Amino acid sequence: MVNTRSGLVMKIEHSTVYLMTADGEFVKVRLDKKESLPIIGSEYCGKVIKNTFIKSNIIKYASVACLMLFTLLSGGGAYAYYKPVSTVTISINPVIELKSNVWKKVISANPLNGDGKRILQEISLKNKTVEDALILVLAQAKKDKFINENYNKNNKTVEISIKGKELSLSSFEKKINEDALSVKIDNNGTIIYNKNSKNESGSSSDNIKDNTNNSKKYNTDIDKNDANDTQANPGNGNLPVKNENTQKNQDSNNNSNKNNKVNNKNDNSTNYNSNDKSNNYNDTKVKEKNNDDTIDITSKNKNDRNDEDSEKNNHKNSNNNGHYSESKDKKYK
Amino acid sequence: MVLSEEFIGSKDDFIEKNKKFIYSITSSICKRNLQWENDDELSIALIAFNNACKTYVESKGNFFSYAKVLIKNALIDYFRKASNNPYLIFNSDDKELEFIDSKNSLTNYEIQQENLKRNEEIMTFSNELKEYKLSFEVLVESSPSHKDTKDKLLNLAFICSKETSIVDYMYNNKMLPVKQICLLTGENRKLIEKWRRYILTLILIFSNSEYIYLRSYLNIKVGDNGEY
C-alpha cells in the first residue's frame, strides 16, 4: 500500500484530512502542520493513517493481554487459594483434619476416623474460616453426643494441633472460653492454648503435687482453682477436677472440706473475680511453660511461682481477701 | 484567459483548433484509439466541448479544465445510458499527462476558483451523506482498497445509477434496495451488504448531476476487459 496518497480534500478534522482519491477511495491522511491548511475541495497529498489497521491491532493486543492477565491472575488466585499452608487437626474422639489456605479458609476437610466421617457428612466446612469450622465441628460433636457430660468427667481433652503456617485462633479461643471443655491447641509442637474445663491450673497443681505432698496445700490450691473455675466457667464451678492427682486429692478434700468450705468458696469467687482473673492468666502461662518442658529460666518469677505455687497462692489469696485467708488458715490448722 | 477574444473569430474554428484536446481526453477515458468517423464517444465529447464553450463563465476557472470536466461527465453519462456499457475501472497510474499544456496555463487564481467550486460541491455532498447517516470517517473505514473490488463496485454502482427504480428507492428510503441490486447485477448479497456504504456513495455521485467536479475527479476509464 502506498504510504502517501493524494486526493480531494473532503473534510478536515484536527490533524487528519479526509481525502477522496482519484481511484475512488476514501482515505484518511495526516495533516502536515508545517503546510498551510488545505481548503476543502483542493487536492492534498499526505501520509495515510492506517487507522483501522492500527486500531484493530491495538484492540487485539489489548484484549489478548487482558485475557492473559486475567487468566494469570485468576490462576494465581486459585492456586493461592487452593494451596494448603496449614493443617489443623481436631481430635475430640472423631478426628478431622482441616487444610487451610493463607486466608484461613478451609479448603479441604478429611476425616481421620469413622466418627470424623460421620461428623463431616453432616456439616460442610469448605470455604469457612478455620475458626468457624472448629466451632461448627465442636457444635456438631456435641449434637452427636461425642461431647457429653461424661466427656469432661472422663478426663478427655479436645486436642487441636496446627501444622504449617501459624494460625491465630483468637476468636475460637474466645468462644471455647465460654464452653465447658478442655481444649488444647498445639501449634507446631508448641502449645499456645490450653484450657481445662474443670481446672484452669491443672498443670500447676501437678507441679505442686510433685513438689510437696501437703494435702493442706492441695486444699488451698483447689480453693483457688475452684475460684478460677467459677470465673472461667460460671456454671461449672463445682465440677470435679480434671487432673487425676487433683481429682484424688479432691476426693479426700471434698470429704473433709466440703461442709465448711464450699459456701465460702462460692461467695468468694463471685466477689474476687478480678483478682482471680489475673491469677488465671499467670497460671495458664505457667502451665504452658511447664507442659512444654521448655522452662524459660529468664522468667524466673514464673518458675519461682511454679515451685512454690501453693504458697504463693496462699499469699495471694490472703492478700486478696479475708475469706480466703480464713479458709486457708483453717486448712493449715 | 482571454477566451472571448478567441471566440471572436468563430466558435467552429475554436473547436477545430481544440479537436486534439478533445480527442486526447476521450481516448484517455476510453483507453483506445478512436476514429472521428466511427466512434460515438468523440461526438459526445465534441458536443460536451461545445456545451462548455456555451456555458463557460470566467469565474469557473480555467476553460480547459472546465471543458475536461464536462467532457468526462458527458462520457460517463453516455456510458450510463448506453445499453452496452463498458467495463469501467478506476485509473490511478497515469497522472493526466495529456493535460500538461493546459495545466501550465492554470494560474493560482484559477485553481482557487476551481477549488471553491469543488468546495461547494463537497459541502452539499457531505450534507447529502448525512441524510444517509454517512460521514467521511465511516467511508474511510468502509471503502475498498483492493483494485478488483473497487472496479467491481464501481461497475455495480454505475449500473445501479442507471436504474431509476433503484435510485428513486434510495432517495425515498435513504437506503440501498439490496434485493433489487442483487437481481439486477447478479452479485452476491453479502458483497453488497458489506460495501453498501461505498456503493451508496458512488451511486449518489453518479446519479446526481450536481456533482460534476467530484465525478470528473474520479479517474474513471474504460477497462481492458470491457465487453465493448
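Here the structure is a predicted model, which is why all the values come from computation and not from measurement.

Caption draft 1: Geometry of the pairing of strand β3 (residues 26-30) of chain A. All names here are of chain A. Of all the 5 residues making up β3, 4 are buried; the element is thus mostly covered by neighbouring parts of the structure. Alignment of strand β2 (residues 16-21) against β3, held across 5 bridges, turns out to be antiparallel. When the sheet's bridge partners are listed, Thr-16 is paired in β3 with Arg-30. Hairpin connection between β2 and β3: a loop of 4 residues separates the two successive antiparallel strands, and Gly-24 in this loop has a positive phi of roughly 70°.

Caption draft 2: Representation of the sheet that holds β3(A). All names here are of chain A. Across the sheet, which stays open at both edges, the 4 strands sit in the order β3-β2-β1-β4 with antiparallel pairing between neighbours. At either end of the open sheet lies a strand with only one pairing partner, and these are β3 and β4 (43-47). Across this sheet, the average inter-strand angle for adjacent strands is 55°, counted without regard to direction. With 5 bridges joining them, strand β1 (residues 4-13) and β4 adopt antiparallel strand pairing. In the sheet register, Gly-7 faces β4, and the bridge partner there is Tyr-44.

Caption draft 3: Highlighting the packing of helix α3 (residues 19-30) of chain B against helix α5 (residues 63-81) of chain B. Residues and elements named next belong to chain B. The contact between α3 and α5 brings their axes to 10 Å, and the two run at 45°. Relative to α5, the element α3 is oriented oblique. Like other packed secondary-structure pairs, α3 and α5 cross with a definite hand, here right-handed. Contacts between α3 and α5 pair Phe-21, Ile-22, Ile-25, Thr-26 and Ile-29 from the former with Phe-64, Lys-68, Ile-71, Lys-72 and Leu-75 from the latter. Its residues assigned to classes, the contact of α3 with α5 comprises 7 nonpolar, 1 polar and 2 charged.

Caption draft 4: Inspection of unusual backbone geometry at higher detail. With a phi angle near 65°, A:Asn127 is a residue other than glycine that sits in the positive phi range. With respect to the helices and strands, the residue A:Asn127 is situated in the loop between α2 (114-122) and α3 (130-143). One non-glycine residue, B:Lys174, lies in positive phi territory at about 60°. In this structure, B:Lys174 sits in the loop between α10 (164-173) and α11 (178-185).

Caption draft 5: Summary view of the sheet that holds strand β5 (residues 86-91) of chain A. All names here are of chain A. Spatially, the 6 strands line up as an open sheet ordered β7-β6-β5-β8-β9-β10, and their pairing is mixed. The open sheet is flanked by β7 (106-111) and β10 (190-195), the only strands paired with a single partner. Recorded for the sheet is a direction-independent mean angle of 15° between the axes of neighbouring strands.

Caption draft 6: Representation of α3(A) in the model. Residue and element names in this part refer to chain A. With 14 residues, α3 extends 20 Å from end C-alpha to end C-alpha; this agrees with the ideal 20 Å at 1.5 Å per step. Of all the positions in α3, only Val-130, Glu-131, Ala-133, Leu-134, Val-137, Leu-138, Gln-140 and Ala-141 are classed as buried. Tucked inside the fold, the buried residues of α3 contact β5, β6 (95-100), β7, α2, β8 (158-164) and α5 (170-177). Trailing α3 by a residue or two, Lys-145 shows a phi angle of about 65°, which is positive.

Caption draft 7: Up close: the confidence of the model for chain A. Residues and elements named next belong to chain A. Overall, the prediction assigns chain A a mean pLDDT of 67, with 56% of residues at 70 or greater. Looking across chain A, the model is least confident in helix α6 (residues 202-211), with a mean pLDDT of 40, and most confident in β6, with 86. Taken together, the stretch residues 226-250 has pLDDT below 50 and engages in 70 contacts with residues farther than four places along the chain or on a different chain. Low pLDDT (under 50) marks residues 292-305, which in the prediction has 12 contacts with non-local residues, meaning those over four places away or in another chain.

Cut-offs used in this document
Residues numbered from 1 in each chain as written. Chains lettered and ligands numbered in written order. Predicted model: local features only at pLDDT ≥ 70, side-chain atom pairs only at ≥ 80, totals over all residues. Buried ≥ 20, exposed ≤ 12 C-beta atoms within 10 Å, placed from the backbone. Helix = DSSP H or I, 4+ residues; strand = E, 2+ residues; numbered from the N terminus. Pairing = 2+ DSSP bridges. Axes fitted to C-alpha atoms, helices over the stretch in contact; angles between N-to-C directions. Parallel < 35°, antiparallel > 145°, perpendicular 65-115°, else oblique. Left-handed = near helix turned anticlockwise from the far one by under 90°. Contact = placed C-beta atoms within 7 Å. Nonpolar A, V, L, I, M, F, W, Y, C, P; charged D, E, K, R; others polar. Expected span 1.5 Å × (residues − 1). pLDDT = per-residue confidence, 0-100.

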